[in-house]
Amino acid sequence: MPRQLREVVFVDGVRTPFGKAKGQYAETRADDLVIKCIRELMRRNPSLPPERVDEVAVAATTQIGDQGLTIGRTAALLSGLPQSVPGFAIDRMCAGAMTAVTTTASGIAFGSYDVAIAGGVEHMGRHPMGEGVDPNPRIMSERVVDPDALVMGKTAENLHDRYPSITKERVDAYAVRSQQKTAAAYDAGTIQQDLVPVATRSADEGWGLALSDEPMRPGTTLESLGSLKTPFRAHGKVTAGNAAGINDGATAALLADEETARELGLPVRMRLVAYSFMGVEPEVMGAGPIPATEKALRQAGLTIDDIEAFEVNEAFAVQVLAFLEHFGIADDDTRVNPYGGAIAMGHPLASSGVRLMTQLARQFEERPEVRYGLTTMCIGIGMGGTVIWENPHHTGEAA
């Protein structure tokens, strides 16, 4: 029988403060971080009966230890959701949470789910990227990919080679702005609205409470960045200051079909328009958001000029600037990452896609004149992902 697709909406999203590897979450379990996010989603949306959740999808890049054992199902159980609520784990490296959202959203659109929870977690301090993996030797022996593809920092240096106009000065200036914008967003109380405070413990220091992103360096200057080493290439351009760090954290989002959301009295914060994932040469994985965005725009019948709000993951400053340069957008365009990004906040791999979405939802609420926005990110092993969203608060007025 013919089926009619349903509108998918982003109801709510939360995250833990992000930590430095070996930092505030050094003695906190990864699964406890995402459980905290799921519980907070349910607390914030009391009109949602727990038994109405149809699926829980949780992403992790390194699916071992406390990030393994089909973490979507175990996190659902430990969050207090009914045993009838299923769950699964997902991996698309940095775009894990983004893929958890798009996968469950597809199920909602098809009619298999009415309500789903999607998120991600990464405890890079406990499980470094690549821990326990065994790459097929053909990758090297048959030159299926360039060996640089397995070292993210080298892929960023390669992207600099593709875009010689993106100088060290430009990436450092972008990094300084990211730190400044994040500090300003914290001062305005914007970021805190979607943070879940997390109790932490340390054998040496006792109990604590994580309330803000640990990687932030608000005093960053061009001068301080200029003195940092370039570990991936002699006289290179990529440093610890113009790239995201090695971080711990978790996110979770609540999705629903629009009719169900309104029936249950749930907020409608964004409406899904289109999404796309694309592959690129693995050795320049930072270019991935460009073809992913072009494809998503084609699917939506839009152009880049229709997009008035951007949340671009800052895995590396060069990756963001390559995206902006390709689409003719200025480095300091105020529509792009107005609250800062991963260079300041951190990038716990599989969790970051939902952070982008929560921040875009805030942009939509603050800017009702904006109709369309997008979240986009590069993905390890040569991919990019883009999701286009519509603002349900849109007033129809010109920006």
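Refer to the structure presented above.
Description of the structure in this document. (Residues numbered from 1 in each chain as written. Predicted model: local features only at pLDDT ≥ 70, side-chain atom pairs only at ≥ 80, totals over all residues. Heavy atoms only, no water.)

Notes on the packing of helix α9 (residues 289-300) against helix α10 (residues 317-326)
At their nearest, the axes of α9 and α10 sit 9 Å apart, and the two run at 45° to each other. Considering their axes alone, α9 and α10 lie oblique with respect to each other. In this structure, the crossing between α9 and α10 has a hand that is right-handed. Residues Pro289, Ile290, Thr293 and Glu294 of α9 lie in contact with α10, whose contacting residues are Gln319, Ala322, Phe323 and His326. Residues belonging to the contact of α9 with α10 are distributed by class as follows: four nonpolar, three polar and one charged. (Axes fitted to C-alpha atoms, helices over the stretch in contact; angles between N-to-C directions. Helix = DSSP H or I, 4+ residues; strand = E, 2+ residues; numbered from the N terminus. Parallel < 35°, antiparallel > 145°, perpendicular 65-115°, else oblique. Left-handed = near helix turned anticlockwise from the far one by under 90°. Contact = heavy atoms within 4.5 Å. Nonpolar A, V, L, I, M, F, W, Y, C, P; charged D, E, K, R; others polar.)

Some words on the nonpolar core
Membership of the largest hydrophobic core comes to 40 residues, with the highest contact counts inside it found for Phe310, Phe316 and Phe323. Contributions of two or more residues to this core are made by α5 (152-162), α6 (168-187), α9, β10 (307-312), α10 and β11 (372-379). Considering each element in turn, this core owes the most residues, seven residues, to α10. When residues no more than four places from it in sequence are discounted, the contact partners of phenylalanine 310 are Ile304, Phe323, Ile329, Arg335, Val336, Asn337, Pro338, Gln363 and Leu374. Of all hydrophobic cores here, the second largest spans 38 residues; its members include Met270, Ala309, Phe364 and Ile379. (Core = buried A, V, L, I, M, F, W, Y, C linked by side-chain atoms within 4.5 Å. Buried < 20%, exposed > 50% of the residue type's maximum accessible area, 1.4 Å probe, protein only.)

Here's the deal with the packing of aromatic side chains
In the structure shown here, the tally under the stated rule is four aromatic pairs. With 6.4 Å between their ring centres and 70° between their planes, phenylalanine 310 and phenylalanine 323 make a pair best called edge-to-face. With phenylalanine 310 in strand β10 and phenylalanine 323 in helix α10, the pair connects residues that are 13 residues apart, well separated along the chain. Given a relative accessible area of 1%, phenylalanine 323 falls into the buried group. Members of the aromatic cluster, joined through ring pairs, are Phe310, Phe323 and Phe327. Looking at arginine 15, its charged tip hangs above the ring of phenylalanine 18, at a distance of 4.4 Å from the centre. (Phe/Tyr/Trp six-rings, centres within 6.5 Å; stacked < 30°, edge-to-face > 60°. Lys NZ or Arg CZ within 6 Å of the ring centre and 35° of its normal.)

Some remarks on unusual backbone geometry
Phi at lysine 22 is positive, roughly 70°, even though this residue is not glycine. Mapped onto the fold, lysine 22 is located in the loop between β2 (19-20) and α1 (30-44). Even without a glycine there, the phi angle at histidine 235 is positive, about 60°. Here histidine 235 lies in the loop between α7 (222-226) and β8 (247-257).

Quick look at the pattern of salt bridges
Per the counting criterion, the structure on display carries 27 salt bridges. For the salt bridge of aspartate 114 with arginine 6, the shortest nitrogen-to-oxygen distance reads 2.9 Å. Placement of aspartate 114 in the loop between α3 (96-110) and β5 (115-123) and of arginine 6 in the segment before β1 (8-15) is noted, with a sequence separation of 108 residues between them. Among the residues examined, arginine 6 registers a relative accessible area of 25% and is labelled partly exposed. Notably, a salt bridge pairs arginine 6 with aspartate 257, separated by 3.5 Å at the nearest N-O pair. Placement of the pair is arginine 6 in the segment before β1 and aspartate 257 in strand β8, with a sequence separation of 251 residues. The class of aspartate 257 is buried, set by a relative accessible area of 4%. Each of Asp12, Arg44, Asp194, Arg269, Arg362 and Glu365 takes part in salt bridges that share partners, so that together they form one network. (Salt bridge = Lys/Arg side-chain N within 4 Å of Asp/Glu carboxyl O.)

What about the packing of α3 against helix α12 (residues 352-366)?
The contact between α3 and α12 brings their axes to 5 Å, and the two run at 70°. Here α12 runs roughly perpendicular to α3, going by the angle between their axes. Here α3 contributes Ala97, Met98 and Val101 to the contact with α12, which in turn contributes Gly353, Val354 and Met357.

Some points on the side chain of threonine 251
Position of threonine 251 among the secondary structure elements: in strand β8. Polar contacts involving the side chain of threonine 251 include one to the main-chain carbonyl oxygen of serine 351, which spans 2.8 Å. Not counting residues up to four positions away in its chain, the partners in contact with threonine 251 are Val14, Arg15, Phe18, Val34, Cys37, Ala97, Gly119, Gly120, Ser351, Val354 and Arg355. (Polar contact = N/O pair within 3.5 Å; in protein donor to acceptor, adjacent residues only side chain to side chain.)

Regarding empty space enclosed by the protein
Empty space among the atoms becomes visible once a probe the size of a water molecule is rolled across them. With the rule as written, the count across this model stands at one cavity of 30 Å³ or more. Roughly 70 Å³ of internal volume is contained in the largest cavity. Forming the walls of the largest cavity are Arg15, Thr190, Ile191, Asp194, Thr358, Gln359 and Arg362. No other element matches α12, which puts three residues into the lining of the largest cavity. Here the residues of the lining of the largest cavity sort into one nonpolar, three polar and three charged. (1 Å grid on protein atoms, 1.4 Å probe; cavity = no way out; pocket = protein on both sides within 12 Å on 5 of 7 lines; lining within 4 Å. Points joined across faces, edges and corners; volume = space filled by probe spheres on them.)

By themselves, these figures tell us nothing about what the structure is for.
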